[in-house]
Amino acid sequence: EDQVTQSPEALRLQEGESSSLNCSYTVSGLRGLFWYRQDPGKGPEFLFTLYSAGEEKEKERLKATLTKKESFLHITAPKPEDSATYLCAVRSGSSNTGKLIFGQGTTLQVKP
Amino acid sequence: GAGVSQSPSNKVTEKGKDVELRCDPISGHTALYWYRQRLGQGLEFLIYFQGNSAPDKSGLPSDRFSAERTGESVSTLTIQRTQQEDSAVYLCASSLASGALYNEQFFGPGTRLTVL
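About the criteria used
Residues numbered from 1 in each chain as written. Chains lettered and ligands numbered in written order. Predicted model: local features only at pLDDT ≥ 70, side-chain atom pairs only at ≥ 80, totals over all residues. Heavy atoms only, no water. Helix = DSSP H or I, 4+ residues; strand = E, 2+ residues; numbered from the N terminus. Rg over C-alpha atoms; globule rule 2.2 N^0.38 Å. Contact = heavy atoms within 4.5 Å. Areas by Shrake-Rupley, 256 points an atom, 1.4 Å probe, with all protein chains shown as cover. Lys, Arg positive; Asp, Glu negative; His and termini not counted. Charge placed at Lys NZ, Arg CZ, Asp CG, Glu CD. Pairing = 2+ DSSP bridges. Axes fitted to C-alpha atoms, helices over the stretch in contact; angles between N-to-C directions. Buried area = accessible area lost by both parts, 1.4 Å probe. Salt bridge = Lys/Arg side-chain N within 4 Å of Asp/Glu carboxyl O. Polar contact = N/O pair within 3.5 Å; in protein donor to acceptor, adjacent residues only side chain to side chain. Nonpolar A, V, L, I, M, F, W, Y, C, P; charged D, E, K, R; others polar.

The next point concerns the overall build of chain A. Secondary structure summary: chain A contains 0 helices and 11 strands in total. Secondary structure elements of chain A occur, N-terminal to C-terminal, as β-β-β-β-β-β-β-β-β-β-β. In terms of overall size, chain A behaves like a compact globule, its C-alpha atoms giving a radius of gyration of 14 Å where 112 residues would be expected to give roughly 13 Å. Each principal axis of the C-alpha atoms in chain A carries an extent, and together these give about 45 × 30 × 20 Å. Within chain A, residue pairs in contact and separated by at least 24 positions form 56% of the contacts whose partners lie at least 6 positions apart. With the model as given, the accessible surface of chain A reaches about 5,400 Å², and the carbon-plus-sulfur share is 46%. Chain A carries 14 positive and 14 negative side-chain charges, and their two centres are separated by 3 Å.

Below, the structure is given as structure tokens:
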């Protein structure tokens, strides 16, 4: 069964304190791993797509990496505006519809 | 350009009533998805449309749930005889679908459904 697990559930950081969020997955033939950011009361906002182990993508203070079993979202010198819930999702090769399987999310709070 | 829009943003209904939730995808996006997000949980897939057809309805939790799409554009998710466990945020997403390649899904703001 395709499954995504994110850890930790919640993370509190001081402004400038770098850290990483983890997304572990089991999937029948990975056809993409996706990171989204979700602010309270809003829909998820697309951040990155990774397709193969070893791939990395960066956007401002965020960097996503991928291995065969997990993905990390590294946050360098975070600011309070980075506070949000970060969602990880995978697209399985067992489905040809493109539907995403999501983890529970990691809620990040960055204090000034 | 315009993103995915959903209406209403909030819906409060009484148990047993029917509700309709609307999604307007990004123009030109042929793929459309509905997801449900219960409080404190991840998103659950409900249904997928390619054009006006729904080849994957595997996530619909019961026969009280149905959806349609017209004009390869607007989609409506209907929940009949609502139950309290239907309370959740219902999210719509759209994407370009080109052959075997599936592109990123862009989400709307969601409809928060509360069943009293």
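So, on to unusual backbone geometry. A cis geometry characterises the amide bond from S7 of chain A onward to P8 of chain A, with omega recorded as -10 degrees. Summarising the element assignment, P8 of chain A is placed in the loop between β1 (3–7) and β2 (10–14). That bond from S7 of chain B to P8 of chain B is cis: its omega, -10 degrees, falls within 30 degrees of zero. Positive phi values are uncommon outside glycine, yet E60 of chain A reaches one of about 55 degrees. Structurally, E60 of chain A can be placed in the loop between β6 (56–59) and β7 (62–66). A positive phi angle, near 50 degrees, is found at E72 of chain B, a position not held by glycine. Counting through the fold element by element, E72 of chain B comes out in the loop between β7 (65–69) and β8 (75–79).

Moving on, we get to the sheet that holds β7 of chain B. Residues and elements named next belong to chain B. Spatially, β1-β3-β8-β7 is the arrangement adopted by the 4 strands of the open sheet, whose pairing is antiparallel. Because the sheet does not close on itself, it has two edges, and the strands there are β1 (5–7) and β7. Averaged over all adjacent pairs, the angle separating strand axes in this sheet is 15 degrees, with direction ignored. Sheet topology note: the β7/β8 ladder contains 5 bridges and is antiparallel. In the strand pairing of β8, E68 is matched with T76.

This next bit is on the interface of chain B and chain A. Listed as interface residues are 20 residues of chain B and, on the opposing side, 21 residues of chain A. A buried area of about 1,600 Å², summed over both sides, lies between chain B and chain A, and 51% of it is on carbon and sulfur atoms. Counting every contact that joins chain B to chain A gives 1 salt bridge. A salt bridge links D56 of chain B to K99 of chain A; its shortest N-O distance comes to 3.5 Å. Counting across the interface, chain B meets chain A through 9 residue pairs in polar contact (both at pLDDT 80 or more). Secondary structure elements with two or more residues in the side of chain B that touches chain A: β4 (31–37), β5 (43–50) and β12 (106–107) of chain B. When the residues that make up the side of chain B that touches chain A are grouped by side-chain class, the tally is 11 nonpolar, 7 polar and 2 charged.

With that settled, the discussion passes to the sheet that holds strand β3 (residues 19–26) of chain A. Residue and element names in this part refer to chain A. Strand order in the open sheet formed by 5 strands is β1-β3-β8-β7-β6, with antiparallel pairing between adjacent strands. Strands with a single pairing partner mark the edges of an open sheet, and in this sheet they are β1 and β6. Ignoring which end each strand starts from, the neighbouring axes of this sheet average 15 degrees apart. Pairing geometry for β6 and β7, over 4 bridges, is antiparallel. Bridging from a neighbouring strand, E56 pairs with T65 of β7.

Note that every value here comes from positions in space, so none of it alone points to a role or purpose.
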